[in-house]
Amino acid sequence: MAAGPFEAPAARARPPVAGAELIVDARHGVGESPVWQAAEQALYWVDIPGRTLNRWRAEDGSHTAWTAGEQIACLARHGDGWVAGMESGIFALRPEAGGQLAQTLLARIPHALAGMRLNDGRCDRQGRFWTGSMLMDMAQGAPVGALYRLDSAQPGQTLSPRLDGLVVPNGIAFSPDGRTMYVSDSHASVRRVWAFDYDTRTGTPSNRRLFIDMNSFPGRPDGAAVDAHGCYWICGNDAGLVHRFTPDGRLDRSLAVPVKKPTMCAFGGPGLRTLFVASIRPQGIDLSDQPLAGGVFALNPGVAGLAEPAFRG
């Protein structure tokens, strides 16, 4: 197979020709929230249990990590740092020398139970930060998760739920015009994706409706991204697939990755024509059939994506 854009400098002008290319053999427990930064030509993502923010540079393939004081679940750019959903709330993060992250609490999250953390998250097209909470013991299947919205970076806030009754909120994404919001629940007992009408002026979702019943497709609906055509790409966790659904909820294509648990995808690279995919490395099981689990991969989706908005606060 021809080299992908990240195997040789001469090939970096185009996305992978076929299949999934491993770009970082990270072996992360739960790799999540990939975000492409065009100005740096770099991909950032987190390892939730490892409490790390990670960066991979396309120019030289270097991998750098910074450690936080608690688990990081999701990211959005904020100035020259980050806003992040973590365990106890939403924080501003800034990488420091020595591999540490400076943390400033922006908003506390009133979790319904002990043992919860934030999970999936991203900004809407106007730069408001959305994130969802979940009980870390997923075996309980407790619908105590909720969605929260952060509008400003003023420290000391306490946020109220905008949508509750979720088990594992995931798949947050927005249509190109920002007027449709997508949210999934990836728990095995739910496996559904909903669409909402989204008021871009107030940041308010309404008219909740079923978009995809993933019980009819391989995998649980995990993290997602939207391409320039308005199609919704979502990782099929447990199935080793990334699915593309059209705006009317029709399955258009499925791309395979060499691991069972892809978590979230993001567009990046030249022209935003590469799809990056993070993954989980399960603990305590035989991984001989998926030795690259926990790695980060690059795929050729055949379409261009959209740049992720930074947090406006």
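Given the structure is predicted, the values throughout are model-derived calculations rather than measurements.

Chemist: Where do I start with the packing of aromatic side chains in this structure?
Modeler: Each pair of aromatic rings is reported with the distance of its centres and the angle of its planes. This model, assessed by the stated rule, comprises 10 aromatic pairs. Summarising the aromatic geometry, the rings of Tyr182 and Tyr232 are spaced 4.8 Å apart at their centres and angled 40 degrees between planes, so their arrangement reads as tilted. With Tyr182 in strand E16 (residues 180-185) and Tyr232 in strand E20 (residues 232-237), this pair connects stretches of sequence that are 50 residues apart. Considered together, Tyr182 and Tyr232 belong to a single accessibility category, that of buried residues. Across the ring face of Tyr44, the terminal group of Arg77 is positioned such that the distance to the ring centre comes to 5.6 Å. A cation over a ring is seen here: Arg208 above Trp194, with NZ or CZ 4.2 Å from the ring centre.

Chemist: Got a minute to help me understand the layout of surface pockets in this structure?
Modeler: By rolling a water-sized probe across the atoms, one finds the places where empty space is left. Considered as a void within the structure, the largest pocket measures approximately 440 Å³ in volume. Lining the largest pocket are 23 residues, with Gly29, Val30, Arg117, Met138 and Ile280 sitting closest to its centre. Elements supplying a minimum of two residues to the lining of the largest pocket: strand E10 (116-123) and strand E19 (220-226). Taken together, the residues of the lining of the largest pocket sort by class into 9 nonpolar, 8 polar and 6 charged. Around the second largest pocket, the lining is made up of 13 residues, and of these Trp36, Leu272, Leu306, Ala307 and Glu308 lie nearest the centre. For the lining of the second largest pocket, the secondary-structure elements that each account for two or more residues are strand E2 (31-37), E19 and strand E23 (262-268).

Procedures and definitions
Residues numbered from 1 in each chain as written. Predicted model: local features only at pLDDT ≥ 70, side-chain atom pairs only at ≥ 80, totals over all residues. Heavy atoms only, no water. Phe/Tyr/Trp six-rings, centres within 6.5 Å; stacked < 30°, edge-to-face > 60°. Helix = DSSP H or I, 4+ residues; strand = E, 2+ residues; numbered from the N terminus. Buried < 20%, exposed > 50% of the residue type's maximum accessible area, 1.4 Å probe, protein only. Lys NZ or Arg CZ within 6 Å of the ring centre and 35° of its normal. 1 Å grid on protein atoms, 1.4 Å probe; cavity = no way out; pocket = protein on both sides within 12 Å on 5 of 7 lines; lining within 4 Å. Points joined across faces, edges and corners; volume = space filled by probe spheres on them. Nonpolar A, V, L, I, M, F, W, Y, C, P; charged D, E, K, R; others polar.

By themselves, these figures tell us nothing about what the structure is for.
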